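# A structural walkthrough
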Amino acid sequence: MVELPSFDWPRFLPGWVWLVGAGPGDPGLLTLHALNALRQADVVVYDALVEPAILDWAPGAERVHAGKRGGKPSPLQRDISLRLVELAREGRRVLRLKGGDPFVFGRGGEEGQTLVAHGVPIRVVPGISAGIGGLAYAGIPVTHRDVNQSVTFVTGHDQTGQAPSSLDWQAIARASEVIVVYMGLKHAARIAAELMAAGREGSEPVAIVTDATTPRQRVLETVLARLPEDAARVEPPAILCIGRNVLLRQVLDWREGGRDADPLGTRARPDSA
Ligand code: SAH
């Protein structure tokens, strides 16, 4: 077991709910605050996307599976939030463990609102989000000075589970060189069509990273025009990354080894400050 260094670690008081990010999978990507929370919790309410190994870090806690897969419409969301309220009112230390970061496409905000509305005190422990850390494990920097000055994170589902018709794809296509899509597999065809209709090239690089940071991680490199058929071949959870930064895997894929020292054709020039 990793020992926590001496520090004024917050005490988990009975009756509190801590909304904690578990990171994208690899237990080593937990924060120290998450570990401190796991050590003290009486009950851990966890999502399907949390790696089971992480629960072993809370050996004393009761485990409650919140039982839904990210991306599906969630009639149970209210029940989960109210269950958290109940557990807290029983005087337990309730750790609500969510994949990635609790406030990134994870409904952590909604759960927090319900808890606060019921007078339950909360603490939030951020986590490494799949759209950043998961891509790093695929050798893809989410920003790179030679590629992008902005990045857009979008969800491929809206509240109804449909493709996000509320998104302005024209604006996103114009404004953001790199687009990272959570929950994007189901509506990948629609997303690719919208982006190409808005002027993005069919030859633009795309990576589909499944089970990022776990031993099952797979990276499928494709292009926007072929995204529909390639997305249909893989199983969730997956992060889509659309943009030329995907080419950098050819040198930065530290897990499987690089293939090309200069995929963008920019490194030949002197490195300016
Ligand atoms: N709060 C989470 C996101 C929850 S939404 C976070 O910050 O990462 C669920 C979606 O996240 C999945 O459909 C998938 O798109 C993405 N995701 C989460 N974990 C992932 C992983 N290990 N590999 C690939 N995608 C992942």
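Rules and cut-offs
Residues numbered from 1 in each chain as written. Predicted model: local features only at pLDDT ≥ 70, side-chain atom pairs only at ≥ 80, totals over all residues. Heavy atoms only, no water. UniProt positions renumbered as here; feature names shortened; annotations may be inferred. Helix = DSSP H or I, 4+ residues; strand = E, 2+ residues; numbered from the N terminus. Rg over C-alpha atoms; globule rule 2.2 N^0.38 Å. Contact = heavy atoms within 4.5 Å. Areas by Shrake-Rupley, 256 points an atom, 1.4 Å probe, with all protein chains shown as cover. Lys, Arg positive; Asp, Glu negative; His and termini not counted. Charge placed at Lys NZ, Arg CZ, Asp CG, Glu CD. Core = buried A, V, L, I, M, F, W, Y, C linked by side-chain atoms within 4.5 Å. Buried < 20%, exposed > 50% of the residue type's maximum accessible area, 1.4 Å probe, protein only. Near = heavy atom within 4 Å. Polar contact = N/O pair within 3.5 Å; in protein donor to acceptor, adjacent residues only side chain to side chain. Nonpolar A, V, L, I, M, F, W, Y, C, P; charged D, E, K, R; others polar. Domains from an automatic or database assignment. Buried area = accessible area lost by both parts, 1.4 Å probe. Salt bridge = Lys/Arg side-chain N within 4 Å of Asp/Glu carboxyl O. Pairing = 2+ DSSP bridges. Axes fitted to C-alpha atoms, helices over the stretch in contact; angles between N-to-C directions.

The name given to the protein chain in an unreviewed UniProt entry is uroporphyrinogen-III C-methyltransferase, with the source organism recorded as Rubellimicrobium aerolatum. The annotation that UniProt attaches to the protein chain under Sequence similarities (unreviewed entry) is "Belongs to the precorrin methyltransferase family."

Each helix and strand in the protein chain was counted, giving nine helices and ten strands. In terms of overall dimensions, the protein chain is globule-like: its C-alpha atoms have a radius of gyration of 20 Å, near the 19 Å expected for 273 residues. With respect to the principal axes defined by its C-alpha atoms, the protein chain has extents near 60 × 40 × 35 Å. Expressed as a percentage of contacts within the protein chain between residues at least 6 apart in sequence, the contacts between residues at least 24 apart total 70%. For the protein chain, the accessible surface area stands at approximately 13000 Å², while carbon and sulfur atoms represent 54% of it. Of note, the protein chain has its 30 positive side-chain charges centred 3 Å away from the centre of its 31 negative side-chain charges.

In this structure, Leu195, Ile208 and Leu227 are the most contacted members of the largest nonpolar core, which totals 22 residues. Listed by contribution, the elements that provide at least two residues to this core are helix 6 (169-175), strand 7 (178-182), helix 7 (188-197), strand 8 (205-210), helix 8 (227-231) and strand 10 (238-242). Apart from residues no more than four positions distant in its own chain, isoleucine 208 is found in contact with Leu185, Arg218, Val219, Leu220, Thr222, Leu227, Asp230, Ala231, Val234, Ala238, Ile239 and Leu240. Val44, Val50, Leu95 and Leu97 belong to the second-largest nonpolar core, a separate cluster that totals 19 residues.

What follows concerns the side chain of aspartate 253. With respect to the helices, strands and loops of the structure, aspartate 253 is situated in the segment after helix 9 (249-252). The buried category is assigned to aspartate 253, whose relative accessible area is 4%. When sequence neighbours within four positions are dropped, the list of residues in contact with aspartate 253 reads Ala138, Gly139, Leu248 and Gly258.

The next point concerns the site of the ligand. Surrounding the ligand, one finds 17 residues, the nearest of these being Val104, Ser129, Met183, Ala212 and Ala238. Between a nitrogen atom of the ligand and a main-chain N or O atom of alanine 212, the distance comes to 2.8 Å. Across the complex, the protein chains shield 95% of the 540 Å² of accessible surface that the ligand would expose by itself. When the residues that make up the shell around the ligand are grouped by side-chain class, the tally is twelve nonpolar, three polar and two charged. The residue makeup of the shell around the ligand includes at least three contributed by each of domain 1 (17-128) and domain 2 (131-252).

As a further point, take helix 1 (residues 32-40). Within the span of helix 1, buried status applies to Ala34, Leu35, Asn36, Ala37 and Leu38. Buried residues along helix 1 sit in contact with strand 1 (17-21), strand 2 (43-46), helix 2 (52-55), strand 4 (94-98) and strand 5 (122-125).

Quite often, the size of an interface is put as the accessible area lost when its parts meet. Per the domain assignment, the segments of the protein chain are domain 1 (17-128) and domain 2 (131-252). Inter-centroid distance (C-alpha atoms) of domain 1 to domain 2 is 27 Å. In total, domain 1 and domain 2 occlude about 1100 Å² of area from one another, counting both sides; carbon and sulfur atoms represent 64% of this. Connecting domain 1 to domain 2 are one salt bridge. Of the charged contacts in the structure, one is a salt bridge between glutamate 51 and arginine 216, with a shortest N-O distance of 2.8 Å. Here domain 1 and domain 2 share four residue pairs in polar contact (both at pLDDT 80 or more) between them.

Moving on to the pattern of salt bridges. One pass over the full model with this rule turns up 16 salt bridges. The shortest N-O distance in the salt bridge between glutamate 90 and arginine 92 comes to 3.4 Å. Here arginine 233 and aspartate 230 are joined by a salt bridge, their closest N and O atoms 2.6 Å apart. One continuous salt-bridge network, built from bridges that share partners, spans Asp47, Arg96, Lys98 and Glu111.

Strand order in the open sheet made by the five strands is 6-7-10-8-9, with mixed pairing throughout. In this open sheet, the two edge strands, each paired with only one partner strand, are strand 6 (151-155) and strand 9 (218-223). Going across the sheet, the axis of each strand differs from the next one's by a mean of 20°, ignoring polarity. Here strand 8 pairs with strand 10 via five bridges, running antiparallel. In the strand pairing of strand 10, threonine 210 is matched with alanine 238.

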